[in-house]
Amino acid sequence: MSLQIQMLGTGSAFAKTFYNTSAMVTNEHARILIDCGFTTPKSLHKLGITPDQIDGIVISHIHADHVGGLEEIAFRLFYQHNKKRIKLFITEPLAFILWENTLKGGMNNPEDGYISLDDYFDVILLEENKPTEIFRGLTIEILPTQHILRKTSYSLFINSRIFYSADIRFNEQLLIHEVVQKRNCHTILHDCQLSGTGVIHATLEELLTLPDDVQKRIFLMHYDDKMPAYIGQTGSMTFIEQYQILTLPE
Ligand SMILES: Nc1ccn([C@@H]2O[C@@H]3COP(=O)(O)O[C@H]3[C@H]2O)c(=O)n1
Ligand SMILES: [Zn+2]
Ligand SMILES: [Zn+2]
């Protein structure tokens, strides 16, 4: 049995030639999204996939390039698919701020009695650091990581052997000791800021300091429009491209 990861986008928050970084993870039992940014509905549309064909969405953190497409997905299911509610896999602190600080402005509808996240989504709370089989053969572990100081943000382990950074500062210890030495992840999907000093994202310069054995496992994502100029300058790491499919052992 295999697991497929298809990138719906590989761009940074401000990229214009790539859609927002988001992954579609599929096995024989389910198809889920990791994050759903403001360009993700358009990316799905280009693939001919409608919201009712998605079984759930996992959320890494609250930035528009990771959650900005949720309102559209939920409204389309609600108003075009008979009030269908998609499964939303999220931690409790994120669920609270997602509604209160992001979605409530557009979705709160007291007149019809739709006043909470649960009115539009089938909210399934994930516990931090606890591997959870969300669908048969698909286990997600959500790991608190550093992105913006004091802002709740997570990376993910998928079926324990795939690491998905989402947005994260460079963390050598985590990548070498936890992701590679302890968990022996064969695949790492990592965000990458191509130039400038890394404050809230790992930079290419920082990632290039990793040992070759770690670099070989890394696919770079969440990059800006200048990515083509950096091809061949990423050591043993590879840029993953929009719509590229990785077929991985389950
Ligand atoms: N302290 C911050 C906060 C945000 N940003 C930029 O805004 C983007 C929001 O989405 P992101 O993908 O986390 O990338 C962030 C930075 O480009 C930034 O550069 N510094
Ligand atoms: Zn981002
Ligand atoms: Zn972010």
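What this report covers is the structure whose coordinates are included nearby. This one's a predicted model, so the numbers in the text were calculated from it and none came from an experiment. Residue indices follow the written sequence of each chain, beginning from 1 at its first position. Chains carry letters and ligands carry numbers; both start at the beginning, A for chains and 1 for ligands, and go up in the order they are written. Local features in this predicted model are restricted to residues of pLDDT 70 or higher, and side-chain atom pairs are both shown and tallied only at a pLDDT of 80 or more, whereas totals for entire chains, interfaces and linings draw on every residue. Neither water nor hydrogens contribute to the side-chain values; these are computed over all heavy atoms in the structure.

1. Description of the coordination of the zinc ion (ligand 2)
Listed donors are limited to N, O and S atoms within 2.8 Å of the metal, widened to 3.2 Å for Na, K and Ca; water is not among them, so incomplete-looking sites are possible. Within the protein, Asp65 (OD), His66 (NE2), Asp167 (OD) and His222 (NE2) serve as the donor atoms for the zinc ion (ligand 2), at 2.1 to 2.3 Å. For the zinc ion (ligand 2), the donor residues sit on a single chain with the sequence spacing D-H-x100-D-x54-H.

2. Considering the sheet that holds strand β3 (residues 31-34)
Think of it this way: DSSP has to see at least two bridges between two strands before they count as a pair. Helical segments are the DSSP runs of H or I of at least four residues, strand segments are the runs of E of at least two, and each set is numbered from the N terminus. One open sheet holds the seven strands; their spatial order is β6-β5-β4-β3-β2-β1-β14, and the pairing between them is mixed. At either margin of the open sheet sits one strand with a lone partner, and together these are β6 (121-125) and β14 (245-249). This sheet shows a mean twist of 25° between the axes of neighbouring strands, independent of strand direction. Two elements, strand β1 (residues 2-9) and β14, share five bridges in a ladder whose sense is antiparallel. The residue bridging Leu3 from the neighbouring strand is Leu248, located in β14. Axis definition: a line fit to C-alpha positions, over the contact stretch in the case of helices; interaxial angles, taken between N-to-C directions, run 0 to 180 degrees.

3. Comments concerning the pattern of salt bridges
A carboxyl oxygen of Asp or Glu within 4 Å of a side-chain nitrogen of Lys or Arg is what we treat as a salt bridge. Applying the stated rule across the entire model yields nine salt bridges. A salt bridge links Glu100 to Lys104, with the nearest nitrogen and oxygen atoms 3.3 Å apart. Residue Glu100 and its partner Lys104 are located together in helix α4 (residues 92-107), separated by four residues, close to a single helical turn. Classification of Lys104 as partly exposed rests on a relative accessible area of 30%. A salt bridge links Arg217 to Asp213, with the shortest nitrogen-to-oxygen separation between them at 3.2 Å. Here Asp213 falls in the partly exposed class, since its relative accessible area comes to 40%. One connected set of salt bridges, linked through shared partners, spans Glu141, Glu178, Lys182 and Arg183. When accessible area is computed with a 1.4 Å probe and restricted to protein chains, residues below 20% of their type maximum are described as buried, those above 50% as exposed, and intermediate ones as partly exposed.

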